Amino acid sequence: MKKIHILGIAGTFMGSLAQLAKAMGFEVSGRDHAIYPPMSDQLAKAGIPVQTDMNAPLPQDAEIIVGNVMRRDMPVIDELLSGFFRYRSGPQWLGEEVLCNKFVLGVAGTHGKTTTSSMLAWILEQAGMAPGFLIGGVPGNFGVSARLGETPFFVIEADEYDTAFFDKRSKFLHYRPRGVILNNLEFDHADIFPDLAAIERQFAHLLRLVPNKGLVVMADATPSLERVVEQGCWSPIERFGARDSARPWRLVGEAIWLDGQHIGDMPDNIIGRHNRLNALAALALARFAGVPPEQGLNALAGFVGVARRLQNRGTVAGVTVFDDFAHHPTAITETIAALREQISAASHPGRLIAVVDPRSNTMRAGVHQHQLAEALSGADLVVFHSPENLGWLPREALASLGTRIRFSPTVDAVLADVLALAQPDDKVLVMSNGSFDGIHQRLLDALATRTASMD
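Since this is a predicted model, take the numbers as computed values, not measurements. (Residues numbered from 1 in each chain as written. Predicted model: local features only at pLDDT ≥ 70, side-chain atom pairs only at ≥ 80, totals over all residues. Heavy atoms only, no water.)

**Re the overall build of the protein chain**
Then, in step 1: Within the protein chain, the secondary structure is distributed over 15 helices and 23 strands.
Then, in step 2: Over its C-alpha atoms the protein chain spans a radius of gyration of 22 Å, differing by no more than 12% from the 23 Å that the globule rule assigns to 455 residues.
Then, in step 3: Viewed in the frame of its principal axes, the protein chain has a C-alpha envelope of about 60 × 60 × 40 Å.
Then, in step 4: Across the 455 residues of the protein chain, 57% fall into the buried class.
Then, in step 5: When the accessible surface of the protein chain is totalled, it reaches about 18400 Å², and 50% of it is carbon and sulfur.
Then, in step 6: Computing the positive centroid from 41 side-chain charges and the negative centroid from 49, the protein chain places the two 3 Å apart. (Helix = DSSP H or I, 4+ residues; strand = E, 2+ residues; numbered from the N terminus. Rg over C-alpha atoms; globule rule 2.2 N^0.38 Å. Buried < 20%, exposed > 50% of the residue type's maximum accessible area, 1.4 Å probe, protein only. Areas by Shrake-Rupley, 256 points an atom, 1.4 Å probe, with all protein chains shown as cover. Lys, Arg positive; Asp, Glu negative; His and termini not counted. Charge placed at Lys NZ, Arg CZ, Asp CG, Glu CD.)

Printed below as a string of structure tokens:
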């Protein structure tokens, strides 16, 4: 069929898939409960119609592509199963229609997938390799989350989340990578995985798909990844890290070492230890694809980041608002550290105000509640969104932060608390894996209104 209808099209993955299908000549439509930028803008630009009536009749002349946001108890899913529709999951469709004849380079791990994928795609782009890609964010260098590319090379963010209501394998098992980055591995997605061992099994299955002449680029000194490799690996492994034991890739401060030779320094625009390690992994897999490390470093000097990854949303009245996707204690720690690095270099440092929205299923369940206080300790002040329906008690779990933290039961209360705290030169870091009711722009608008009223 050359006509597809996508259920759950507003998600980053499914919306990106829709754009690839459109570029391949498919007639594409879709539906979702709600849609907002940046995906709404991308789909509109691609000319892909989207409806929000989830119970409208399914088109009889289209294959139905099912996103993992769709649940078995939804009426539209019962219509799908009761009828005579052809249907596949998004990852299956992608693997069978797009990636089947591509030289796939996958980026997997609990953290850093989007940034590392974006770095890798940009390195290949600057090397003249015109790769295709599908990334779980919008890389600033490209302005879109997906494209087909002009060569067989294809970079994909290899997500371990499950595939669909009828396929509980991780999405990345549909991608058939020739080379893969394993950036890190921690427990996350408590709504679908009972423990870390269950996630490790999915990563072990991923390694079974990498050919003997492929490459696994793996973070050094990571026990969970070592356990994955122990379950079987048939491909060469190149480890990277910031330790002396890391071979062949090492990061010592800003210096990059390959096989014991200093090959250059990390560009100044790569901020934060975690991003420098992301860049090191991207350089390693790019070399496998044919890009010399020195050429990769030159490309990274022009890397401009990814939307919602420590993204500067604007400055009003001396207060700068940053947006970040962090929603796991490790990501929160590293993001705060990266912003602190920027603040320390500023002539007027100001304070770091961390705003946290516990939106993910894992955060709402309180799986990592006992790690959050330490993760937030690098902030000067914390405003924590604490709605009543959380499965834990933030005031108890975060009590050690003392007077540095405020608990705000609604988004409006979060906004009011940040406005009461923010002073010129302060940096407000908003961390959420959702839209957070557009709080970033609302905060900037409120700061502008407050400033105007004082003039």
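**Here's the deal with the side chain of H440**
Then, in step 1: With respect to the element layout, H440 can be found in helix 15 (residues 439-454).
Then, in step 2: On the accessibility criterion, H440 (4% relative accessible area) is buried.
Then, in step 3: With sequence-adjacent residues up to four places away left out, H440 is seen in contact with R308, R313, V321, F322, D323, V430 and S435. (Contact = heavy atoms within 4.5 Å.)

**Structural notes on the packing of aromatic side chains**
Then, in step 1: All chains considered together, the criterion is met by 10 aromatic pairs.
Then, in step 2: For the pair W122 and F142, a centre-to-centre distance of 5.8 Å together with 80 degrees between the ring planes defines the contact as edge-to-face. Placement of W122 in helix 5 (residues 113-126) and of F142 in the loop between strand 7 (132-134) and strand 8 (146-147) is noted, with a sequence separation of 20 residues between them.
Then, in step 3: Here W122 falls in the buried class, since its relative accessible area comes to 13%.
Then, in step 4: On the numbers, 4.6 Å between centres and 50 degrees between planes, the contact of F133 with F142 is tilted.
Then, in step 5: Owing to a relative accessible area of 0%, F133 belongs among the buried residues under this scheme.
Then, in step 6: Within the aromatic cluster, the residues linked to one another by ring pairs are Y87, F165 and F166.
Then, in step 7: A cation sits over an aromatic face here: K2 above F26, 3.9 Å from the ring centre.
Then, in step 8: Looking at R250, its charged tip hangs above the ring of W257, at a distance of 5.8 Å from the centre. (Phe/Tyr/Trp six-rings, centres within 6.5 Å; stacked < 30°, edge-to-face > 60°. Lys NZ or Arg CZ within 6 Å of the ring centre and 35° of its normal.)

**Regarding helix 3 (residues 75-82)**
Then, in step 1: For helix 3, every residue scored as buried is listed here: V76, I77 and L80. When helix 3 is viewed along its axis, its buried side chains cluster within an angular range of 100 degrees and face the same direction. In helix 3, the exposed positions that point more than 90 degrees away from the buried face belong to P75 and S82.
Then, in step 2: Residues of helix 3 that are buried in the fold lie against strand 1 (3-7), strand 2 (27-31), strand 4 (63-66) and strand 5 (87-89). (Arc of directions from axis to C-beta.)

**Overview of the nonpolar core**
Then, in step 1: Ranked by size, the top nonpolar core spans 88 residues in total, and within it I6, L94, L120, L124, L182, W249 and I256 carry the most contacts.
Then, in step 2: Residues in contact with L120, not counting those within four places in the same chain, are L105, V107, V155, A282, L285 and A286.
Then, in step 3: Residues M363, F384, A397 and L398 belong to the second largest nonpolar core, which totals 29 residues. (Core = buried A, V, L, I, M, F, W, Y, C linked by side-chain atoms within 4.5 Å.)

**Remarks on the sheet that holds strand 4**
Then, in step 1: Across the sheet, five strands lie side by side as 3-2-1-4-5; this open sheet has parallel pairing. The two strands at the open ends of the sheet, each matched to only one other strand, are strand 3 (50-51) and strand 5.
Then, in step 2: For strand 2 and strand 3, the ladder comprises two bridges, and the chain directions are parallel. Its bridge partner lying in strand 3, R31 is registered against Q51. (Pairing = 2+ DSSP bridges.)

**Remarks on the pattern of salt bridges**
Then, in step 1: Enumeration according to the criterion identifies 24 salt bridges in this entry.
Then, in step 2: Here E160 ties to K113 by a salt bridge, and the two come within 3.7 Å at their closest N and O atoms. One end of the pair, E160, is in the loop between strand 9 (153-157) and strand 10 (162-164); the other, K113, is in helix 5, with 47 residues separating them in the sequence. Note on accessibility: E160 and K113 belong to one class, buried.
Then, in step 3: With a shortest N-O distance of 3.2 Å, R340 and D380 are connected by a salt bridge. Highlighted residues: R340 in helix 10 (residues 329-345) and D380 in the loop between helix 12 (369-375) and strand 21 (381-385), separated in sequence by 40 residues.
Then, in step 4: The exposure class assigned to R340 is partly exposed, which follows from its relative accessible area of 24%.
Then, in step 5: According to the relative accessible area criterion, D380 is partly exposed, its value standing at 29%. (Salt bridge = Lys/Arg side-chain N within 4 Å of Asp/Glu carboxyl O.)

**Observations concerning helix 15**
Then, in step 1: An ideal rise of 1.5 Å per residue puts 22 Å on 16 residues; helix 15 measures up with 22 Å between its terminal C-alpha atoms.
Then, in step 2: When we look at burial in helix 15, the residues that qualify are I439, H440, L443, L444, A446 and L447. Take helix 15 and look down its axis: the buried residues cluster within an arc of 160 degrees, on one side only. What points out from helix 15, more than 90 degrees from its buried face, is the exposed set T449, A452 and S453.
Then, in step 3: Packing partners of the buried residues in helix 15 comprise strand 18 (311-316), strand 19 (319-324), helix 14 (411-421) and strand 23 (427-431). (Expected span 1.5 Å × (residues − 1).)

**Some details on the packing of helix 8 (residues 273-289) against helix 9 (residues 293-300)**
Then, in step 1: Interaxial distance between helix 8 and helix 9 falls to 9 Å at its minimum, and their mutual angle equals 135 degrees. Between helix 8 and helix 9, the angle falls in the class oblique. Our pair here, helix 8 against helix 9, has a crossing hand that is right-handed. Residue-level contacts link A279, L283 and R287 of helix 8 to P293, G296, L297 and L300 of helix 9.
Then, in step 2: A per-class count over the contact of helix 8 with helix 9 returns five nonpolar, one polar and one charged. (Axes fitted to C-alpha atoms, helices over the stretch in contact; angles between N-to-C directions. Parallel < 35°, antiparallel > 145°, perpendicular 65-115°, else oblique. Left-handed = near helix turned anticlockwise from the far one by under 90°. Nonpolar A, V, L, I, M, F, W, Y, C, P; charged D, E, K, R; others polar.)

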